There are 4 protein chains.
Amino acid sequence: MPSRLIDAFATTSTLAEVFSDASVLAAMLRFEAALAHCQARLGVIPASAAEAIAAVDCLSAGSFAEEARQSATLAIPFVTALRSRVGAEAAEFVHYGTTSQDVLDTALVLMLREARRFLAQDHARLERRLRALSEEHASTCMIARTLLQPALPISFGLKVAGWHGAVQRSWRRLDAAFDEALALQFGGAVGTLDRFGPLGPRLAEELAKELDLPLPEAPWHAHRDRLASLVAQCGVYTGCLAKIARDISLLMQAEVGEVSEPGGGSTAMQHKRNPAGSVVTLAAAARVPGLVAAFLAAMPQEHERAAGGWQSEWPTVADVVQSVGSALAAVAGTVEGLTVHPDRMRANLEAATGS
Amino acid sequence: MPSRLIDAFATTSTLAEVFSDASVLAAMLRFEAALAHCQARLGVIPASAAEAIAAVDCLSAGSFAEEARQSATLAIPFVTALRSRVGAEAAEFVHYGTTSQDVLDTALVLMLREARRFLAQDHARLERRLRALSEEHASTCMIARTLLQPALPISFGLKVAGWHGAVQRSWRRLDAAFDEALALQFGGAVGTLDRFGPLGPRLAEELAKELDLPLPEAPWHAHRDRLASLVAQCGVYTGCLAKIARDISLLMQAEVGEVSEPGGGSTAMQHKRNPAGSVVTLAAAARVPGLVAAFLAAMPQEHERAAGGWQSEWPTVADVVQSVGSALAAVAGTVEGLTVHPDRMRANLEAATGS
Amino acid sequence: MPSRLIDAFATTSTLAEVFSDASVLAAMLRFEAALAHCQARLGVIPASAAEAIAAVDCLSAGSFAEEARQSATLAIPFVTALRSRVGAEAAEFVHYGTTSQDVLDTALVLMLREARRFLAQDHARLERRLRALSEEHASTCMIARTLLQPALPISFGLKVAGWHGAVQRSWRRLDAAFDEALALQFGGAVGTLDRFGPLGPRLAEELAKELDLPLPEAPWHAHRDRLASLVAQCGVYTGCLAKIARDISLLMQAEVGEVSEPGGGSTAMQHKRNPAGSVVTLAAAARVPGLVAAFLAAMPQEHERAAGGWQSEWPTVADVVQSVGSALAAVAGTVEGLTVHPDRMRANLEAATGS
Amino acid sequence: MPSRLIDAFATTSTLAEVFSDASVLAAMLRFEAALAHCQARLGVIPASAAEAIAAVDCLSAGSFAEEARQSATLAIPFVTALRSRVGAEAAEFVHYGTTSQDVLDTALVLMLREARRFLAQDHARLERRLRALSEEHASTCMIARTLLQPALPISFGLKVAGWHGAVQRSWRRLDAAFDEALALQFGGAVGTLDRFGPLGPRLAEELAKELDLPLPEAPWHAHRDRLASLVAQCGVYTGCLAKIARDISLLMQAEVGEVSEPGGGSTAMQHKRNPAGSVVTLAAAARVPGLVAAFLAAMPQEHERAAGGWQSEWPTVADVVQSVGSALAAVAGTVEGLTVHPDRMRANLEAATGS
């Protein structure tokens, strides 16, 4: 029942799908199926149980959200439902020897991996267009503005090159943060894989391979720095996107008129052209700094699993990534559709420099 | 497609419904119907048009979210759809003389009014139970703890009275902030009701009456202090709820054992009792400070309608109110189900004071 | 050693003085002197001890900051120093029966009371000038702008009236929050005034009277909602100040030219006029939302005194109040020195409406 | 006049010195001297002027802070004062062809370089002690705790290894962010080094060499991603420090008693031992997430130099770095002085597992 309308600028259709209930459950099922496969291969559970588990390819969210509140974990209603689906014999082998955090953290990682693909596509579009725009306008003169006042001449190409550089650097950092954060979570109840004895490390390796995720040197149940760094770099990257949108919305002011967006209309004034893409970018970006703060503030998590901090992370991470994606899609579209008005640039430059 | 599972601790079923797509559209339709009625009464539009508009009692969200991104406002696809539903004759009288922000801000206010009812109910439960618990344990001795170390004796009743006082004061402030924030938005394109000439003020009064909302002394298109104060007081109130949950989760530690929640189990350890309600409370509350910051940071909105700041508000406000509601429902349930262990309190007190 | 230069836009000289080391120590001494006086009057300590304590009218901060880190409280080095100053006989009666939090919270309240006076003066200046400006320009026509695009005509007086209304409402809320937050803290080690037996309540009343502070119904050692509400309302108020500065900086763009600040120059371009007051306002205001979040996030404080949350508050509160004061002083000066250009307003209006 | 007492837990003496007025002015003078030297070498200004400029080795802050508010930049009073110091002939060559942001950003970078050295030393201490502690206690059994409830056995060495891993990873990221952020700012009024014609690039290279700073591929006046990434990684690193402090403060509870800090006393209760180092760590860390949000929110800076966003950065960056340093110094001291109680660990383990 959450609202796509309320979140219209806070996500995109594509990313809303990546973080939908269906995706959550698919990712959780994928973890359980992969685990069961690996456990069967190592003789930890019967092959027939693994097959039964892997055969469940979807679950209905039903009242999971409501039930999750009773135990403070979504894994309990999920595992209960999965057990009831696999039949009596396989039931005890569902989620065998693992814990809530293994399935939930790994499911989050799987969703983030999917989201990253879409972000990368839009980033590539944006970077490509910025580079081209910068080259096209290498000699388009305009006035630079400091503190919102005319200063000295620059070229529009130089301005765009500045946008491009910031976006490129920030994506490189974000990309590296994704590399580090997309890691398997698998440690059992307290991170020691206690239920598997000497087979533990081998099982972890197999599971990582099965899910095509790196195996970190230790479980990260209470150490959230990799995710935190991802969230923080989302914040930096979004700041760079918003800077572009801010500049465009200012350049598009009627009194300035140096660029224009394809833009949107108004319900009250038919003739009006608005910097719609920039506005959506800025609206999406405005959400991100506070969300980053929320994630960072939740990092001092108690002992081997937090009482509140960990459980607060999902909506924060999902909101951050969707907001980045929304801002990115909007600004990429804006830059692709941007019309540049060199004549107005020249006129404003002349007005400012008196030449 | 947004996820109830990801938001399991960030909302409740009831509040998710209050902020659902259906509720958004119902609130927007209610605004348009009320406006049309009042306009018909004042002879601004034909009575038949008002009837046609009011007859539309639901719309499908369809691709509104996607279309809203093109114009940076949900009102455009909404009005377009509504026009196409009312028939050619009434179409031109839909949304007559009004603007995106009138319908969207007022719709938000209508949803907040609904949410407030549910918050008030849960607050009343919580306050009632805290008061009773405080009285029941007026003479139950325990050790007070400062900096997480035993200090001197107090009664458990005194501790609960502290919780009660903070919650009561903070609700009073939040309640007053609701009173102020639940106001009609109606100003037309730039806040001057320009389309209605001398009839403007009268129409605004009628509309306020029709929707049972106070009419502020002026439209608040670019002045968001009433909403900001509501959001901020949500933050203060939630902080008080989280303080209760923090204390309970600490008192319930096995080594302390002074209270226990009905609690939840674990997927890995069947015997374990967790402070599930406190954890859900803390998880919900952890989201709020960053969201408050996001709202406040968006307040310096440009001229007569912002380019980004206003458009960022909906998900922030909806998330804040739902997080408050989630924390409140969880802590109310926790306090109602709390078992107090005076024997352990006495034992810990004796261990600490050596008596 | 902290830097006034780094904080140039984050405080004013006046407020930096209000929150200086000397002010901190003066406020702490005032608490101890008032307490000793009241205790002597009630026969709790000898009159000679009270005189000796009250005779200490200043202390040097010396290495207090460094020592405070050893015990996690400034009160320990402070009390130690004060004891060594009053002579052997009075030493044991220094800080008698009270606790760190009593002196530190009350000292903060005394500093806030002082800060409030300066804020109130600048607010009065601002409100007065906004009201006058609004009246002067009741018929000065200009174009309203939505999403940074020209929309329809308004008067500049109406625009200023909007600023005025928001600032007035937000000050009223902030003022009420000050009323509530400026309360005595006095509870002894765990809030029970345990050391004074039946004299406790009477002593608290006397002390409140002596310091001219209201006596709350209970100590608030672990319940920070009054301060939180003050900090939050600072955030709302600052948002309204920043909105004015944003509008002015946009209106002062050379291409718009509808108002101008007395403004500041540039090290690189002698001829340039900058919206210096608006920039300082926006710079100060930008700090506040994150600080509000920091305060709110620290509210779930453990038991009868927090292990970290409380100890984080001082710099946050001091920074918030100084940032508000800096923004307020800057915007008040800006509005007082503002030059309005009705001719440019008319020209832009005509350009926009084609009339 | 800012207060070391208010900031007692928000900085250290060492870092307060790094960000003192004297350090700010020394860094600014160093920039101007280095620039003058390079300019003299390239024949841009007379050698005698460069000597006169470099001979000024200190300035008094005087009323710079107050004057900075008039122009919204500290550089104006600074340059004015420097000009008056160098004598009439050299005056025109002071700050020649450069701009506020060149000197202020580079001065910040120079201060950050100094701060980094101190952070690195304390980090090395912390990491060394964590590694040793982890090895010492590789077989010290204790109960792991999830959601603040006993779960299953682990070793204390494993717990410490978790702390160590998070701190090590986060430092590596922070260190890389320092590498990237510590770059020369030098672009002149609008980033084009317009005043130096073809000599510009050469002068920039020389200046970078003179200050031993990397020369970025372009000035970063309006592109703050490198600093933002540094600030954000400070946030992540601090979160890891605070996690250690949280665990220690919980383990040191009297009822748990598994570790103890050398700890601090209480003004009210002489016998009491407090987790003072953990408390200082948590207090310092609590400030950081909101400050990170403030920095990120200020990133969308207007055109070639922001009207507010840039001017808000100094206190934010200085506060973040000092808070990190305070948390780090406190937690390093805490870990170095930590006493571990294997007997209590065993007793709690047995109580929890019933064995």
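Just above sits the structure.
Computed from a predicted structure; not experimentally measured.

Caption draft 1: Molecular detail of the overall build of chain A. Assigned secondary structure in chain A consists of 14 helices and 4 strands. Referenced to the eigenvectors of the C-alpha coordinate spread, the extents of chain A come out at roughly 85 × 45 × 35 Å. Here chain A holds 355 residues, and the buried ones make up 69% of them. When contacts within chain A are restricted to residue pairs at least 6 apart in sequence, those whose partners lie at least 24 apart make up 76%. Summed over all atoms, the accessible surface of chain A reaches about 10,400 Å², with 52% contributed by carbon and sulfur. Looking at chain A, you have 31 positive and 38 negative side-chain charges, and the mean spots of the two groups are 7 Å apart.

Caption draft 2: Representation of the relation of the copies chain A and chain C in the model. When chain A is fitted to chain C, the residual RMSD is 0.0 Å, and the transformation amounts to a turn of 180° plus an axial shift of 0.0 Å. Accordingly, the operation relating the two chain copies is best matched by a two-fold axis. Among all residues of chain A, the one whose C-alpha sits closest to the rotation axis is E255 of chain A, at a distance of 2.8 Å. When the interface residues of chain A are mapped onto chain C, 100% of them are again interface residues, pointing to one common binding face.

Caption draft 3: Seen up close, the pairing of strand β2 (residues 149–155) of chain B. All names here are of chain B. In terms of residue burial, β2 counts as a mostly covered element, since 6 of its 7 residues are buried. The pairing of strand β1 (residues 141–146) with β2 spans 5 bridges and is classified as antiparallel. Bridging across to β2, M142 finds its partner in I154. Connecting the antiparallel pair β1 and β2 is a turn made up of 2 residues, with L147 showing a positive phi of about 50°.

Caption draft 4: Just the packing of helix α2 (residues 21–41) of chain A against helix α9 (residues 200–211) of chain A, in detail. Residue and element names in this part refer to chain A. Running from amino to carboxyl end, α2 crosses α9 at an angle of 130°, the nearest separation of the two axes being 9 Å. As summarised for this structure, α2 and α9 are arranged oblique, according to the angle between their axes. Between α2 and α9 lies a crossing whose hand is right-handed. Residues R30, F31, A34, L35, H37, C38, Q39 and R41 of α2 pack against L203, E206, L207, E210 and L211 of α9.

Caption draft 5: Quick look at the interface of chain A and chain C. Listed as interface residues are 23 residues of chain A and, on the opposing side, 23 residues of chain C. Overall, the association of chain A and chain C removes approximately 2,100 Å² of surface from exposure, summing both partners, and the carbon and sulfur fraction of that is 59%. One can count 2 salt bridges joining chain A with chain C. Of all the secondary-structure elements, those providing two or more residues to the side of chain A that touches chain C are β1 (141–146), β2 (149–155) and α10 (225–251) of chain A. Residue composition of the side of chain A that touches chain C, grouped by class: 12 nonpolar, 6 polar and 5 charged.

Caption draft 6: How the structure looks around the side chain of T140 of chain B. Tracing the chain through its elements places T140 of chain B in the loop between α7 (100–136) and β1. Relative accessible area serves as the criterion here: at 12%, T140 of chain B is assigned to the buried category.

Caption draft 7: Just the pattern of salt bridges, in detail. According to the stated counting rule, one finds 104 salt bridges over all chains in the structure shown. Where R169 of chain C meets E217 of chain B, a salt bridge forms, and the shortest distance between an N and an O atom there is 2.9 Å. Here the residue R169 of chain C occupies a position in helix α8 (residues 156–181), and E217 of chain B occupies one in the loop between α9 (200–211) and α10 (225–251), the pair thus bridging two chains. Assessed through its relative accessible area of 9%, R169 of chain C is described here as buried.

Caption draft 8: Fine view of the layout of surface pockets. When its volume is computed, the largest pocket comes out at roughly 750 Å³. The volume enclosed by the second largest pocket comes to roughly 590 Å³. Within the residue set of the lining of the second largest pocket, elements represented by two or more residues are α8 (156–181) and α10 of chain A together with α9 (200–211) of chain D. The greatest single-element share of the lining of the second largest pocket, amounting to 7 residues, is contributed by α8 of chain A. Its residues assigned to classes, the lining of the second largest pocket shows 16 nonpolar, 9 polar and 8 charged.

Caption draft 9: Geometry of the relation of the copies chain B and chain A. Overlaying chain B on chain A yields an RMSD of 0.0 Å, the required transformation being a rotation through 180° with an accompanying axial translation of 0.0 Å. When the interface residues of chain B are mapped onto chain A, 100% of them are again interface residues, pointing to one common binding face.

Caption draft 10: Up close: the interface of chain B and chain A. Contacts between the two partners involve 71 residues from chain B and, on the opposite side, 71 residues from chain A. Across the chain B to chain A interface the summed buried area is about 5,700 Å²; carbon plus sulfur atoms make up 64%. In this structure, the connection of chain B to chain A is made through 2 salt bridges. Taken together, the connections running from chain B to chain A amount to 16 residue pairs in polar contact (both at pLDDT 80 or more). Elements that contribute at least two residues to the side of chain B that touches chain A include exactly α1 (13–18), α2 (21–41), α4 (64–71), α5 (75–86), α11 (276–286), α12 (288–297) and α13 (313–336) of chain B. For the side of chain B that touches chain A, the leading source of residues is α13 of chain B, giving 8 residues. Classifying every residue of the side of chain B that touches chain A by side-chain character gives 37 nonpolar, 23 polar and 11 charged.

Caption draft 11: Local environment of the nonpolar core. In terms of nonpolar packing, the biggest core is built from 519 residues, with F156 of chain A, F156 of chain B, F156 of chain C together with F156 of chain D touching the most fellow members. In contact with F156 of chain A, other than residues within four places in its own chain, are L133, H137, T140, M142, W163, L251, V259, L338, V340 and M345 of chain A.

Caption draft 12: Quick peek at unusual backbone geometry. One non-glycine residue, H303 of chain A, lies in the positive phi region at around 50°. Positionally, H303 of chain A belongs in the loop between α12 (288–297) and α13 (313–336). The phi dihedral of L147 of chain B falls on the positive side, at around 50°, and the residue is not glycine. Following the sequence through the fold, L147 of chain B ends up in the loop between β1 and β2. Note on L147 of chain B: relative accessible area 5%, which makes it buried.

Caption draft 13: Representation of the packing of aromatic side chains in the model. By the definition in use, this model includes 20 aromatic pairs over all chains. Measuring from centroid to centroid gives 6.2 Å for F156 of chain C and W163 of chain C, while their planes differ by 90°, and the two rings are edge-to-face. Connected via pairs of aromatic rings, a cluster forms that spans F93, Y96, F186 and F196 of chain A. Over the aromatic face of F118 of chain C sits the side chain of R117 of chain C, whose NZ or CZ is 5.0 Å from the ring centroid.

Caption draft 14: Spotlight on the side chain of H123 of chain A. Residue and element names in this part refer to chain A. Relative to the elements of secondary structure, H123 occurs in helix α7 (residues 100–136). Assessed through its relative accessible area of 3%, H123 is described here as buried. Residues within four places of H123 in sequence aside, it is in contact with V167, Q168, W171, Y237 and L328.

Rules of the game
Residues numbered from 1 in each chain as written. Chains lettered and ligands numbered in written order. Predicted model: local features only at pLDDT ≥ 70, side-chain atom pairs only at ≥ 80, totals over all residues. Heavy atoms only, no water. Helix = DSSP H or I, 4+ residues; strand = E, 2+ residues; numbered from the N terminus. Buried < 20%, exposed > 50% of the residue type's maximum accessible area, 1.4 Å probe, protein only. Contact = heavy atoms within 4.5 Å. Areas by Shrake-Rupley, 256 points an atom, 1.4 Å probe, with all protein chains shown as cover. Lys, Arg positive; Asp, Glu negative; His and termini not counted. Charge placed at Lys NZ, Arg CZ, Asp CG, Glu CD. Least-squares fit on C-alpha atoms with pLDDT ≥ 70 in both. Pairing = 2+ DSSP bridges. Axes fitted to C-alpha atoms, helices over the stretch in contact; angles between N-to-C directions. Parallel < 35°, antiparallel > 145°, perpendicular 65-115°, else oblique. Left-handed = near helix turned anticlockwise from the far one by under 90°. Buried area = accessible area lost by both parts, 1.4 Å probe. Salt bridge = Lys/Arg side-chain N within 4 Å of Asp/Glu carboxyl O. Nonpolar A, V, L, I, M, F, W, Y, C, P; charged D, E, K, R; others polar. 1 Å grid on protein atoms, 1.4 Å probe; cavity = no way out; pocket = protein on both sides within 12 Å on 5 of 7 lines; lining within 4 Å. Points joined across faces, edges and corners; volume = space filled by probe spheres on them. Polar contact = N/O pair within 3.5 Å; in protein donor to acceptor, adjacent residues only side chain to side chain. Core = buried A, V, L, I, M, F, W, Y, C linked by side-chain atoms within 4.5 Å. Phe/Tyr/Trp six-rings, centres within 6.5 Å; stacked < 30°, edge-to-face > 60°. Lys NZ or Arg CZ within 6 Å of the ring centre and 35° of its normal.

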